[in-house]
Amino acid sequence: MSKENLVLSWGDIFRTIGLLTAATVICYILQIFHIGNQNIIMVYILSVLIVSRITTGYAYGGAASLLSVIMYNYFFTYPYYTLKSANQEYPITFVIMFIIALITSALTNRIKTQTKLAVEKEHRTQILYDINKELLKTRGTDNIAALTNEYLIKLFGRSEIFYSQEPGTGLKVTFMQSDIDEDSAFMLQEDEHAVMEWVFINQKVAGSGTDILMESQAFYIPLTSHNKTLGVIGISCINGNLDQSNRSFLQIICSLVAMALEMQYLSDEQHKILIESEKEKMRSNLLRAISHDLRTPITGILGSCSTILEGGDQISKETHDKLLYNIKEDSQWLIRMVENLLSVTRINAGTMSVTKLSEAAEEIIAEAVSRIRKRFPDSIISVVIPDELLMVPMDGTLIEQVIINLLENAIKHSPDNSPVEVILKKNGQYAVFEVSDYGKGIAEDDIPYLFESFVPNGKRSSDSTRGMGIGLSICMSIIKAHNGKMEAFNKNTGGAVFRFSLPIEWSERNG
């Protein structure tokens, strides 16, 4: 029998006495109208049923059963107002009445208890559904830990501590204090941390209320999945231990949290594999591009030099100058190729992230335009910038290389004396850069492969003037490393537009 059934309550006592008194009054009225004793017995049994229904525990129903028999004997059996019975059959009636009242009381309390348990079970099922639904939507170990602590504090009213296993970095602690447990900072002490480590290694519960490390003031339970410990949850027991029901409920919650952590770890591993795959693909494509692209200009330079050396004075000045011009063009192309490759190597190979500083976007554009004009002195480049100064988190050298590549690509595909436009504008939380020309535009078949350094089916990349070319593919890699977006499309008036956007605001993701 639980403690709840043994606790006395003045409210339940008054309700019991009041109902038995009311039953006695009703029985007096029935006796005045000469209604049989069997109906009086039924009134008392009904009162016992009601007492069992509106009071807590079995004690009041049992007491009401005994008192109803005594009151029936005292007030309604001859001789009246005594506990003696003139009729020899009455004692048997009293016993049967007491048994019926007691069984009725017990059954009523049992039904009430089962109903209460069913309601509590439904409530807990709804809580588990809500937790599971929120965990499925939550991404990131820190967010899962914070969400779990928040729910556990609401459910148990106790401070919580969450130890999660971070691959490569060890255990990470998330602590949340309840308003009730004001002295729960002890959970951050070394002694409690040692208990947590034991639980983590042995995959067993420990701490307050258990047979293991019971001197601890908190209850620790491991988060396990497929025989692997993913973390440990600790609950303060400074105001009392958890009962078996709460422990079982906590165990179910921990299994849901363990599943969420495992899904997060699998997602992280899949993301790492995807990054490694992209890095390997990029590495292979760069090697293909380099091996093919370097061969063409080097062969051209070698051929031109051989012609000059072997021809000597027999070569006309016009041919001589033409060969020197070709050597210069091929050398400049090789320099730009090296610059592109150096830009790519500046992107961190492990995380595809870049080191960013807050840069003035218009200064980066001005530097890029200045450099491209030295290479193409006859080119016409117009620049449009907004009135406000746009400070953008970026690696200035890399973004400058992107703009140079786009300008060079636009100049190559534009008619002579045709202008190239560079536009900078703000769109919400993004700085938008556009480079457009007035050439023939982009062929529809080339659009899917614009930013690929290696194109299937023998097609050439759209930015290729010799070999495959890797300019646009490098631009896309740099913009992705900045968590930006890049696209290309044709203008209705003719020509192509290359647009990329960079986040203006610093954040954990783009910082």
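To be clear, the structure that these remarks concern was listed above.
Quantities reported herein were computed from a predicted structural model and do not represent experimental measurements.

## Let's talk about the overall build of the protein chain
In terms of helices and strands, the protein chain carries eleven helices and twelve strands. Residues counted as buried form 42% of the 511 residues belonging to the protein chain. Residue pairs at least 24 apart in sequence account for 66% of intrachain contacts in the protein chain once pairs closer than 6 positions are excluded. A total accessible area of about 28,500 Å² is found for the protein chain, and carbon and sulfur atoms account for 57% of it.

## Observations regarding the packing of helix 4 (residues 90-137) against helix 5 (residues 141-156)
Relative orientation of the contacting elements helix 4 and helix 5 amounts to 165°, with a least axis distance of 10 Å. In terms of orientation, helix 4 lies roughly antiparallel with respect to helix 5. Here the hand of the crossing between helix 4 and helix 5 comes out right-handed. The residues of helix 5 that touch helix 4, namely those facing I127, D130, I131, E134 and L135, are I144, L147, T148, Y151 and L155.

## Looking at the sheet that holds strand 7 (residues 380-384)
Two orientations exist for strands paired in a sheet by backbone hydrogen bonds: parallel and antiparallel. Strand order in the open sheet formed by five strands is 7-9-10-12-11, and the pairing between neighbours is mixed. Edge positions in the open sheet fall to strand 7 and strand 11 (485-490), since each of these has one partner strand only. Geometrically, the sheet is characterised by an average inter-axis angle of 15° between neighbouring strands, direction not taken into account. Pairing geometry for strand 10 (residues 430-436) and strand 12 (residues 496-503), over seven bridges, is antiparallel. Bridging across to strand 12, A431 finds its partner in L502. Its contacts with the sheet put helix 9 (residues 361-375) on strand 7, strand 9 (419-427) and strand 10, and the angle it makes with strand 7 is roughly 175°. Of the strands in this sheet, strand 7, strand 9, strand 10, strand 11 and strand 12 touch helix 10 (residues 396-412), which is tilted by about 170° from strand 12.

Rules behind the numbers
Residues numbered from 1 in each chain as written. Predicted model: local features only at pLDDT ≥ 70, side-chain atom pairs only at ≥ 80, totals over all residues. Heavy atoms only, no water. Helix = DSSP H or I, 4+ residues; strand = E, 2+ residues; numbered from the N terminus. Buried < 20%, exposed > 50% of the residue type's maximum accessible area, 1.4 Å probe, protein only. Contact = heavy atoms within 4.5 Å. Areas by Shrake-Rupley, 256 points an atom, 1.4 Å probe, with all protein chains shown as cover. Axes fitted to C-alpha atoms, helices over the stretch in contact; angles between N-to-C directions. Parallel < 35°, antiparallel > 145°, perpendicular 65-115°, else oblique. Left-handed = near helix turned anticlockwise from the far one by under 90°. Pairing = 2+ DSSP bridges.

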